[in-house]
There are 2 protein chains.
Amino acid sequence: MDHAPLDAIYHDYIQCLNNRNWPALDRFVSDDVIHNDRRLGLDGYRAMLQDDGRRIPDLRFRIEQVVVQAPRVAARLRFDVAPTGDFLGLAVNGRRVNFCENVFYLFDRGRIAQVWSVLDKAAIEAQLG
Amino acid sequence: MDHAPLDAIYHDYIQCLNNRNWPALDRFVSDDVIHNDRRLGLDGYRAMLQDDGRRIPDLRFRIEQVVVQAPRVAARLRFDVAPTGDFLGLAVNGRRVNFCENVFYLFDRGRIAQVWSVLDKAAIEAQLG
């Protein structure tokens, strides 16, 4: 099985997020996408990302690892950001935090159909002291 | 590339953990294994797992998803357990909690050389109220 296509699609998806190219999001995300068991749909998913961007003005997704076995992709993403207010229930308030997200995706016909994401909240807590 | 071998090895590794078959751990884990940037080595890794087993008497690893692209494996593991005391800094004290671990492994010659694990602490906090 050739893994190049999903790998390329995934890198383009992350570039789309980093460019905040919301009109292009439907090329990568399914209309009825589910995120952590919530059936957000494309509109809800885009709204979640836009909200993340407002609360984290310097939000940038950096791929540290990606593992591809169609129809699944797993990625370890790195963030080095300064959320303006509360983040994951923690009073970050503009401090810079560095943490990872380990996330699994199920693709359907080249688009993300389901996402299972875990953020390393303990790492953020350790940095806030 | 054939992914069957690493997939089979990974399932056998999880069975080894669930059987608490510590003498067999060296079949799956490299002598100088690194876990979340700590160079535990095989002895330190085994000690960590044995400590987990003491603090979580009903500890059982259940594979929900596994993504294999040699030399990497990514897995989403599910736990339904009752840690006896503190767990991740939370006073669980014997309550039953259900949560996931999203974890990446780098294999070297059929054994786990490096692990990047994130536990869903926020899910546990939500259950503790």
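Anything mentioned here points back to the structure above.
### Some thoughts on the overall build of chain A
(1) Moving on: Scanning chain A for helices and strands turns up three helices and seven strands.
(2) Moving on: The secondary structure elements of chain A, listed N-terminal to C-terminal, are α-β-α-β-β-β-β-β-β-α.
(3) Moving on: Taking 2.2 N^0.38 as the reference for a compact globule, 129 residues should give roughly 14 Å; the C-alpha atoms of chain A span a radius of gyration of 15 Å, in line with that estimate.
(4) Moving on: On the principal axes, the C-alpha backbone points of chain A span a range of 45 × 25 × 25 Å.
(5) Moving on: Within chain A, the proportion of its 129 residues that are buried is 50%.
(6) Moving on: Partitioning the intrachain contacts of chain A with sequence separation of at least 6 by distance along the chain shows that 51% fall at a separation of at least 24.
(7) Moving on: For chain A, the accessible surface area stands at approximately 6100 Å², while carbon and sulfur atoms represent 46% of it.
(8) Moving on: Looking at chain A, you have 17 positive and 18 negative side-chain charges, and the mean spots of the two groups are 3 Å apart.

### Notes on the environment of A:Ala47
Residue and element names in this part refer to chain A.
(1) Moving on: The residue Ala47 is located in helix H2 (residues 41–55) in this model.
(2) Moving on: Look at Ala47 and you get partly exposed, because its relative accessible area is 36%.
(3) Moving on: Between the C-alpha atom of Ala47 and that of Trp22, which follows or precedes it by 25 residues, the distance is 9.6 Å.

### A closer look at the relation of the copies chain B and chain A
(1) Moving on: With an axial shift of 0.0 Å and an RMSD of 0.0 Å, the rotation relating chain B to chain A amounts to 180 degrees. Seen this way, the second copy is the image of the first under a two-fold rotation axis.
(2) Moving on: An overlap of 100% is found between the interface residues of chain B and their copies at the interface of chain A, pointing to a shared contact surface.

### Side note on the side chain of A:Ser117
(1) Moving on: Along the chain, the position of A:Ser117 falls in strand E7 (residues 111–119).
(2) Moving on: Of the polar contacts made by the side chain of A:Ser117, one reaches the side chain of A:Glu101; its length is 2.8 Å.
(3) Moving on: Apart from residues no more than four positions distant in its own chain, A:Ser117 is found in contact with A:His35, A:Asn36, A:Glu101, A:Asn102, A:Val103 and B:Asn102.

Criteria and cut-off values
Residues numbered from 1 in each chain as written. Chains lettered and ligands numbered in written order. Predicted model: local features only at pLDDT ≥ 70, side-chain atom pairs only at ≥ 80, totals over all residues. Heavy atoms only, no water. Helix = DSSP H or I, 4+ residues; strand = E, 2+ residues; numbered from the N terminus. Rg over C-alpha atoms; globule rule 2.2 N^0.38 Å. Buried < 20%, exposed > 50% of the residue type's maximum accessible area, 1.4 Å probe, protein only. Contact = heavy atoms within 4.5 Å. Areas by Shrake-Rupley, 256 points an atom, 1.4 Å probe, with all protein chains shown as cover. Lys, Arg positive; Asp, Glu negative; His and termini not counted. Charge placed at Lys NZ, Arg CZ, Asp CG, Glu CD. Least-squares fit on C-alpha atoms with pLDDT ≥ 70 in both. Polar contact = N/O pair within 3.5 Å; in protein donor to acceptor, adjacent residues only side chain to side chain.

Coordinates in, geometry out; function isn't part of it.
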